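Tertiary structure, described
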Amino acid sequence: MNDSAVVGSARPRRSAGTGATVIAAFGGLLFGYDTGIISAALLYIGPEFGLSDQAKEFVVASLLVGAIIGVAAGGAIMDRLGRRRTLFAVAVLFLVGAIASGLAASTTILLAARIVLGLAIGAASVAVPAYIAEIAPAHLRGRLVSVNQLMISSGILISYVTGYVLSDSQAWRWMLAVAAVPAVIMLVALPMLPESPRWLLSQGREQEARRLLRRTRSADAVDDEVAEITAAMQAESRHTFRDLLSSRFRPGIILGVGVAATNQLVGVNAVTYYTPTLLTGSGFGDSAAILSSVGLGVANVGFTLVGLLLVDRIGRRPLVLGGTALVVLSLVVIGAVYAFTDLGGVWAGVLLTFLMIYQASFSASLGLAMWLVNSEVFPTEVRGKAGSAGLATHWILNLLISVTVLTTINALSPSGLFWLYAVLGGLGLLFLHRRLPETRGRTLEEVDAQLNGTPAERTTVAS
């Protein structure tokens with residue numbers, strides 16, 4: 001791949017950033033697909049390999065073990081290889097993992113293949129948003145970065161539809177292997193992407209960075225952006241991870257970690273990974289259970305779009321707090337349906353309705369907040385390092401949730417599982433009500449001042 005050749009090519013300003021975003025966001029699509037497809041495939045993997053509930057949890061969790069490693073290594077790999085080459089490596093891992101999963105002859109091989117997929121997912125969760133943010137013009141950055149979350153949601157929906165289409169034949173190998181198709185598309189398209197101007201500047205390749213910026217910025221804006229990026233990199237180099245614990249950065253770190261924790265502790269990935277398993281255990285047939293998960297996927301994509309449309313109109317706080325309250329209410333009702341009904345007749349419909357309300361509310365609030373808050377509450381000079389704290393919290397709790405769902409059901413019953421998530425979500429809601437500032441229409445400097453302001457200023461923010 002010749003960076004300078006790609007950088008020097010002329011394309012329309014708007015289409016250059018948008019096209020690069022779509023290609024890079026295939027990493028998000030694969031992230032969503034490989035995360036969601038296990039929910040249907042697990043129904044058939046379990047009997048074929050004779051898996052216990054604990055072994056099923058390990059199959060789900062193996063991907064997350066790889067994701068934690070991928071997140072930890074992703075930043076260093078991006079800085080060494082560049083954003084584009086990192087995305088190429090991610091696509092290769094997705095391709096290898098998908099093929100190996102589909103061909104797995106034993107549980108051990110399947111676990112190893114899913115760890116490879118996890119490495120790709122973890123690295124993609126770091127590399128894709130970073131690349132899009134760095135390549136996009138400032139006036140389109142928020143919208144284009146949000147494309148990644150939409151692609152993740154779309155990937156989950158596609159995985160649910162694929163699982164349903166292949167459920168009659170119980171073709172779990174094809175369910176897993178289909179992910180090779182978007183991985184190949186991503187590999188073929190990646191050579192057309194330019195390198196990130198920020199990375200080019202970090203390597204001393206200023207003229208290439210300027211040529212790239214001139215494709216998507218006005219001539220007058222290029223000098224200002226080069227100066228801004230250079231100043232930001234110099235500021236970042238002055239700080240270490242230990243500095244994140246200082247009183248200067250602590251409020252943002254606490255908020256970023258708290259949002260990531262709430263995102264996971266309401267149990268969203270218990271629903272993502274185990275909905276068909278939960279429903280078949282409640283008397284649903286395999287196809288009906290998987291079809292129900294398709295409805296959840298539609299709600300996920302649809303209300304991710306709703307959240308994207310509303311977040312800059314009504315603000316972050318009303319959307320996140322209102323959505324989280326609906327998530328908690330839905331969990332309480334779902335637990336009550338499991339506890340006090342036989343799930344027959346109309347109650348099956350009530351259960352599915354509130355699962356969809358749960359998914360819709362989450363997608364429009366906490367699903368967006370995880371990525372949005374971590375992009376807005378940290379000062380520029382530590383945003384990369386601080387953001388990793390939120391990502392690490394997200395993936396570690398995701399792993400803990402995935403390895404405890406079926407075990408918790410056996411210990412507490414399904415109602416106990418959902419009520420536990422409701423309690424944890426309620427605590428998260430109280431935390432967010434107290435800590436989450438309104439960032440709509442405010443500069444990053446103003447947000448930072450709110451988080452580090454006087455008690456009176458904090459009270460105003462929380463009101």
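Quick notes on the rules
Residues numbered from 1 in each chain as written. Predicted model: local features only at pLDDT ≥ 70, side-chain atom pairs only at ≥ 80, totals over all residues. Heavy atoms only, no water. Helix = DSSP H or I, 4+ residues; strand = E, 2+ residues; numbered from the N terminus. Buried < 20%, exposed > 50% of the residue type's maximum accessible area, 1.4 Å probe, protein only. Contact = heavy atoms within 4.5 Å. Areas by Shrake-Rupley, 256 points an atom, 1.4 Å probe, with all protein chains shown as cover. Phe/Tyr/Trp six-rings, centres within 6.5 Å; stacked < 30°, edge-to-face > 60°. pLDDT = per-residue confidence, 0-100. Lys, Arg positive; Asp, Glu negative; His and termini not counted. Salt bridge = Lys/Arg side-chain N within 4 Å of Asp/Glu carboxyl O.

The next point concerns the overall build of the chain. Within the chain, the secondary structure is distributed over 23 helices and zero strands. Relative to its 463 residues, the chain shows a buried fraction of 56%. Contacts in the chain between residues at least 24 apart in sequence constitute 83% of all its contacts with a sequence separation of at least 6. Surface exposure of the chain reaches about 18,500 Å², of which carbon and sulfur atoms provide 66%.

With that settled, the discussion passes to the packing of aromatic side chains. Any two aromatic rings considered together are summarised by their centre-to-centre distance and by the angle between their planes. Scanning the model with the defined rule gives five aromatic pairs in all. Look at tyrosine 338 and phenylalanine 418: their rings are 5.8 Å apart centre to centre, the planes differ by 10°, and that puts the pair in the stacked class. Pair noted here: tyrosine 338 is in helix H17 (residues 316–340) and phenylalanine 418 is in helix H21 (residues 405–435), with a separation of 80 residues, a long-range link.

This part covers unusual backbone geometry. Of note in the backbone geometry, glutamine 170 takes a positive phi value of approximately 55° without being a glycine. Locating glutamine 170 in the fold gives a position in the loop between helix H8 (141–165) and helix H9 (172–177). Take glutamine 170: its relative accessible area is 46%, and that puts it in the partly exposed class. Located in the positive-phi region is serine 413, a residue other than glycine, with phi close to 85°. Examined against the element boundaries, serine 413 turns out to sit in helix H21.

When pLDDT is averaged across the chain, the result is 84; 86% of the residues are at 70 or more. When the elements of the chain are averaged for pLDDT, helix H23 (residues 455–462) gives the smallest value, 40, and H9 the largest, 97. The low-confidence segment residues 1–12 (pLDDT under 50) makes 29 contacts with residues lying over four places distant or belonging to another chain.

Once that is clear, we can look at helix H3 (residues 26–36). Summarising burial for H3: eleven of the eleven residues are buried, a large majority. Restricting attention to buried positions, one finds in H3 the residues Phe26, Gly27, Gly28, Leu29, Leu30, Phe31, Gly32, Tyr33, Asp34, Thr35 and Gly36.

Let us look at the side chain of aspartate 34. Structurally, aspartate 34 is set in helix H3. The buried charged residue aspartate 34 lacks any salt bridge, with arginine 114 as its nearest oppositely charged partner at 6.3 Å.

Time to look at the environment of alanine 183. Secondary-structure assignment places alanine 183 in helix H10 (residues 180–189). For the pair formed by alanine 183 and alanine 98, sequence separation is 85 residues and the distance between their alpha carbons is 8.7 Å. For alanine 183, the residues in contact, after removing those within four places along its chain, are Leu30, Ala91, Phe94 and Leu95.

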